[in-house]
Amino acid sequence: EADFYVGSYSIGDRTRAFLKVQDGCDYKCTYCTIPLARGISRSDTLENVLKNAKEISDKGIKEIVLTGVNIGDYGKGEFGNKKHEHTFFELVQALDKVEGIHRLRISSIEPNLLKDETIDFVANSNIFVPHFHIPLQSGSDTLLKRMKRRYLRRVYTDRVSKIKQVMPNACIGVDVIVGFPGETEEEFMTTVNFLKDLDISYLHVFTYSERANTTAKKMANAIPINIRRERSKQLQILSEKKRRAFYETQLGKIKTVLFEAEENGGVMNGFTENYVKVKTPFDPTLINQTVKVKLTAIDTDGLVN
């Protein structure tokens, strides 16, 4: 029944803050309980988002991650009605003008809502970073239809191609679900081969699990748990290969790394603007600092140094 919005942000450390701009979802994906649990799609006002972003940057935090349940739908329900007062692109344009922000990162955004205008704007922005996380869920059109996703694989291919066309060094993350009811071996391999051919950087692999009050739970031909786990492991291995291949393309380049406070065995980590994880010997003076570094090698942990 939730139909109101309360703006918020969370600060996990002094390096990065998560700014929530939207909540709820009007999509009806057959595996998902979010519309039931979180209500209809609704947004914070543009004015309040900009105020929160300025508050965050004034605290000395260098990176803001825009979050929401379906952030590409931003603007719907901004003033308690169902129409769009603003678009996600207008939000991006407005945030780009907020003084004092060092980095803005877009969290997960649906491929059908990631428009060319947003991609082109990010490519030319000094604040928005070249990193996108785009849910795919399946590389099989028949499965996408059973999931009631709002796109087919050609749309996904087009989004990845567009990003790489204007930002060749962009990092692209992908969400995938394995073991959806009725997923045949052929459909799974269609997803595997689709991902192998895509110029993406890493995967978040989700093993399908039944959720009460979802259409998928009532579907026939449930996949045995052991097969779900095998498929998940196969895609996790592919993710490691994709990440390694992406990191290798970045070696020799000079990037800006934002270092974090955590110390682990005498080393500290940070992320480049395009989400390459970098490690260096711990130095407290580097915490929450953006430093230009040359990426030289990939270590046994798969991190760049």
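Procedures and definitions
One numbering rule holds for all chains: residues counted from 1, following each sequence as written. In keeping with the model being predicted, local features are shown solely for residues with a pLDDT of at least 70 and side-chain atom pairs are shown and tallied solely at 80 or more, while totals for entire chains, interfaces and linings include all residues. Side-chain descriptors were evaluated using all non-hydrogen atoms of the structure, hydrogens and water having been removed beforehand. Put simply, DSSP H or I for four residues or longer makes a helix, DSSP E for two residues or longer makes a strand, and each gets a number counted from the N terminus. Residue contacts are defined here by distance: any two heavy atoms, one from each residue, within 4.5 Å place the two residues in contact. Between N or O atoms, a polar contact is any pair within 3.5 Å; within protein, one atom must be a potential hydrogen donor and the other a potential acceptor, and residues adjacent in sequence are included only when both atoms are from side chains. Aromatic pairing here means that ring centres of Phe, Tyr or Trp (its six-membered ring) are within 6.5 Å. Orientation follows from the plane angle: under 30 degrees is stacked, over 60 is edge-to-face, and everything else is tilted. Relative accessibility thresholds used throughout: buried, under 20% of the residue-type maximum; exposed, over 50%; partly exposed, between the two (1.4 Å probe, protein chains only). DSSP calls a pair of strands paired once it identifies at least 2 bridges connecting them. Here the axes come from fitting lines to C-alpha atoms, over the contacting stretch only for helices, and the angles between their N-to-C directions go from 0 to 180 degrees.

Draft legend 1. Structural detail: the environment of Asp96. Turning to its location among the elements, Asp96 is positioned in the loop between helix 3 (88-95) and strand 6 (103-106). Distance in space between the C-alpha atoms of Asp96 and Thr191 is 36 Å, their sequence separation being 95 residues. Non-local contacts of Asp96, meaning those with residues more than four positions away in its chain, are made with Phe121, Ser125, Ile127 and Phe128. Of the polar contacts made by the side chain of Asp96, one reaches the side chain of Ser125; its length is 2.5 Å.

Draft legend 2. How the structure looks around the packing of aromatic side chains. As enumerated under the stated definition, the model contains six aromatic pairs in all. Arranged with centres 6.1 Å apart and planes meeting at 40°, the rings of Tyr202 and Tyr275 form a pair that is tilted. In this pair, Tyr202 is assigned in strand 9 (residues 202-207) and Tyr275 in the loop between strand 11 (267-272) and strand 12 (277-281), connecting sequence segments 73 residues apart. When the centroid spacing of 6.3 Å and the interplanar angle of 50° are considered together, the rings of Phe246 and Tyr247 count as tilted. Each member of the pair, Phe246 together with Tyr247, is buried.

Draft legend 3. Representation of the sheet that holds strand 9 within the structure. The strand order 7-8-9 describes an open sheet built from three strands, whose pairing is parallel. Among the strands making up the open sheet, the edge pair consists of strand 7 (131-137) and strand 9. Within the sheet, the average angular offset between the axes of one strand and its neighbour, ignoring direction, is 20°. When strand 8 (residues 171-178) meets strand 9, the two strands line up parallel, connected through six bridges. Across the sheet, Val174 pairs through a bridge with Leu203, a residue of strand 9.

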